[in-house]
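Here are the chains, one letter per residue:
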Amino acid sequence: MSKFAVSKFVPLSALRVLVADLDPQCLAVYLCSSETAETHKVSTAELRALDLSWKQETVAEPNWMQIYEVCRLHKQSIFFLRGHMDRLASSYRAVTSADFKPSALQFVKDAMCRYAIDEAVHPCVAAYKTDAADLSDINVKVITWLSNPADAPLSAYAAEGISAPPPAEIHCAVLFIRSFFPPERWYVEGATAGLLYNAWRDTPEAKIIHADLQQRAADTRRALGVYEVLMVHEGTHGYLVPEGARSNYIIVTEDDEVQCSLTKHILLGITLTAVKACCERSERLKEVHHKRLTIADVLKAKSLLLLGTSPGVLPVRELQVYWDASSRASFEEAAASCGVDVGNLKGLQRGEQNGEPFGKIVYAPHGEAVNELVRLYTTRALES
């Protein structure tokens, strides 16, 4: 497929992001346009070749805003597909004030369903038909794009030789991406997480790629050796901790109340929506209480759980709150500002590692409330 043909669907300056996300075993990508009802299957080898040739050219590069959803494929079923499609439309509406046509959204949903059973796009898809019990899940991503209104008008499409899609339509790509699913032992032992200070998303209500922030979060995860980092606002915002870099989270208080950030501070995740429904069905849990969560709430919680497409509902056993002198200063300033007595903080363990100070909060990864929530969520996910 020629570069011009690909550019009918994908802005060339967005191509490298798409290629970087590809699962190594992914054989083909769907490029779709609801405007023309076209779906083209393009080999990943062709896309990588186009990406390399584009990088060698001198091309003006508009700053494309990329709105996306990532869904978990379990054998041949996509978990919570309707919810993901609704959120894709909601994200687009949040940044454009425009609505997709119902037919456009249905077109993309149908494309994802076809992709999930197309044996030519990934070896796992063919293997799923054997119904083997030990097959791993994979993540499928749908991504659409528009020019960032702060940096480039929609006329930036013209600079790359294509016309801007009408707001009601969708030009998108569907692909299998690199996936990491927590091992089963993490659900027993608990996972590890850390804090990322002075970090937040400017558009929390929309699922948009924030490349610089995501890179900073990835670097911190690697440096600390943790699965996720929770983002801590600066002091002028009261040291809010609304969400993780790639996950929602909930806490369980000492009296077994389940709490989550205010909906205006987060992207209302598909897993979180399912968890809320689970709590409403539970005599013990009853509901998820939305509140303004700060670092004080996180530090004093009995349990902390990460929510997301890949982890599902994942208990955390420890949260690294500082790991050097700079992060310790950030931690102590935030804690003091929120009225936390660090000296009497239950669960805080402090020490020194490789000549640097470190501190972590140790949580209870299990308990009656946590165990019931995980059980209810697992049942609901399989029923979806």
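Residues numbered from 1 in each chain as written. Predicted model: local features only at pLDDT ≥ 70, side-chain atom pairs only at ≥ 80, totals over all residues. Heavy atoms only, no water.

- Looking at an unreviewed UniProt entry, one finds the protein named Branched-chain amino acid aminotransferase, with Strigomonas culicis as its source organism.
- The UniProt entry for the protein carries the following text under Sequence similarities (unreviewed entry): "Belongs to the class-IV pyridoxal-phosphate-dependent aminotransferase family." (UniProt positions renumbered as here; feature names shortened; annotations may be inferred.)

## Overview of the overall build of the protein
Here comes step 1: A tally of helices and strands in the protein yields 13 helices and 15 strands.
Here comes step 2: For the protein, the residues scored as buried account for 54% of the 384 residues in total.
Here comes step 3: Taking as baseline every contact in the protein between residues at least 6 positions apart, the subset at least 24 positions apart corresponds to 74%.
Here comes step 4: Surface accessibility of the protein: about 16900 Å² in total, with carbon and sulfur atoms responsible for 50%. (Helix = DSSP H or I, 4+ residues; strand = E, 2+ residues; numbered from the N terminus. Buried < 20%, exposed > 50% of the residue type's maximum accessible area, 1.4 Å probe, protein only. Contact = heavy atoms within 4.5 Å. Areas by Shrake-Rupley, 256 points an atom, 1.4 Å probe, with all protein chains shown as cover.)

## Regarding the packing of aromatic side chains
Here comes step 1: Counted under the stated rule, the structure contains ten aromatic pairs.
Here comes step 2: Note that R246 overlies the ring of Y227, its terminal NZ or CZ placed 4.7 Å from the centroid. (Phe/Tyr/Trp six-rings, centres within 6.5 Å; stacked < 30°, edge-to-face > 60°. Lys NZ or Arg CZ within 6 Å of the ring centre and 35° of its normal.)

## Section: the pattern of salt bridges
Pairs can form between side chains of opposite charge whenever their charged atoms are close.
Here comes step 1: Taken as a whole and assessed by the stated rule, the structure comprises 16 salt bridges.
Here comes step 2: Linking R222 and D219 is a salt bridge whose minimum nitrogen-to-oxygen distance equals 2.5 Å. Within this pair, R222 and its partner D219 are both found in helix α9 (residues 211-224), separated by three residues, close to a single helical turn.
Here comes step 3: Judged by its relative accessible area of 58%, R222 is exposed.
Here comes step 4: You can call D219 partly exposed: its relative accessible area is 37%.
Here comes step 5: Taken together, the salt bridges that share partners define one network made up of D256, R284, K302, E368 and E372. (Salt bridge = Lys/Arg side-chain N within 4 Å of Asp/Glu carboxyl O.)

## Describing α9
Here comes step 1: The first and last C-alpha atoms of α9 sit 20 Å apart over 14 residues, in line with the 20 Å expected at 1.5 Å per residue.
Here comes step 2: Inspection of α9 places L213, A217, A218, T220, R221 and L224 among the buried residues, and these make up the whole buried set. For α9, the buried positions fall inside an angular range of 165 degrees around the axis, keeping them on one side. In α9, the exposed positions that point more than 90 degrees away from the buried face belong to A211, D212, R222 and A223.
Here comes step 3: Backbone geometry just after α9 places G225 at a positive phi near 70 degrees. (Expected span 1.5 Å × (residues − 1). Arc of directions from axis to C-beta.)

## With respect to the nonpolar core
Here comes step 1: Within the largest apolar cluster, 59 residues are counted, with the highest numbers of intra-cluster contacts made by M112, Y115, L175 and F176.
Here comes step 2: In terms of residue count, helix α5 (residues 102-116) provides more of this core than any other element does, eight residues in total.
Here comes step 3: When residues of this core are sorted by domain, at least three fall in each of domain 1 (3-177) and domain 2 (184-383).
Here comes step 4: Once you skip the residues sitting within four places of it in the chain, L175 turns out to touch L18, D21, L22, V29, Y115, N139, V140, K141 and I143.
Here comes step 5: Membership of the second largest hydrophobic core comes to 35 residues, among which are Y227, L306, Y322 and V340. (Core = buried A, V, L, I, M, F, W, Y, C linked by side-chain atoms within 4.5 Å. Domains from an automatic or database assignment.)

## Here's the deal with the packing of helix α4 (residues 81-96) against α5
Here comes step 1: As a packed pair, α4 and α5 sit with axes 11 Å apart at the nearest point and diverge in direction by 135 degrees. Compared by their axis directions, α4 and α5 come out oblique. Handedness of the crossing formed by α4 with α5: right-handed. Contacts from L81, M85, L88 and A89 of α4 reach α5 at L105, V108, K109, M112 and C113.
Here comes step 2: Looking at the contact of α4 with α5, its residues break down into eight nonpolar, no polar and one charged. (Axes fitted to C-alpha atoms, helices over the stretch in contact; angles between N-to-C directions. Parallel < 35°, antiparallel > 145°, perpendicular 65-115°, else oblique. Left-handed = near helix turned anticlockwise from the far one by under 90°. Nonpolar A, V, L, I, M, F, W, Y, C, P; charged D, E, K, R; others polar.)

## What about the environment of A20?
Here comes step 1: By secondary structure assignment, the location of A20 is in helix α2 (residues 12-21).
Here comes step 2: Sequence separation between A20 and D51 is 31 residues; the distance between their C-alpha atoms is 9.8 Å.

## Some words on the side chain of S34
Here comes step 1: As for its position among the elements, S34 is in the loop between β1 (28-33) and β2 (38-43).
Here comes step 2: Of the polar contacts made by the side chain of S34, one reaches the backbone nitrogen of I170; its length is 2.8 Å. (Polar contact = N/O pair within 3.5 Å; in protein donor to acceptor, adjacent residues only side chain to side chain.)

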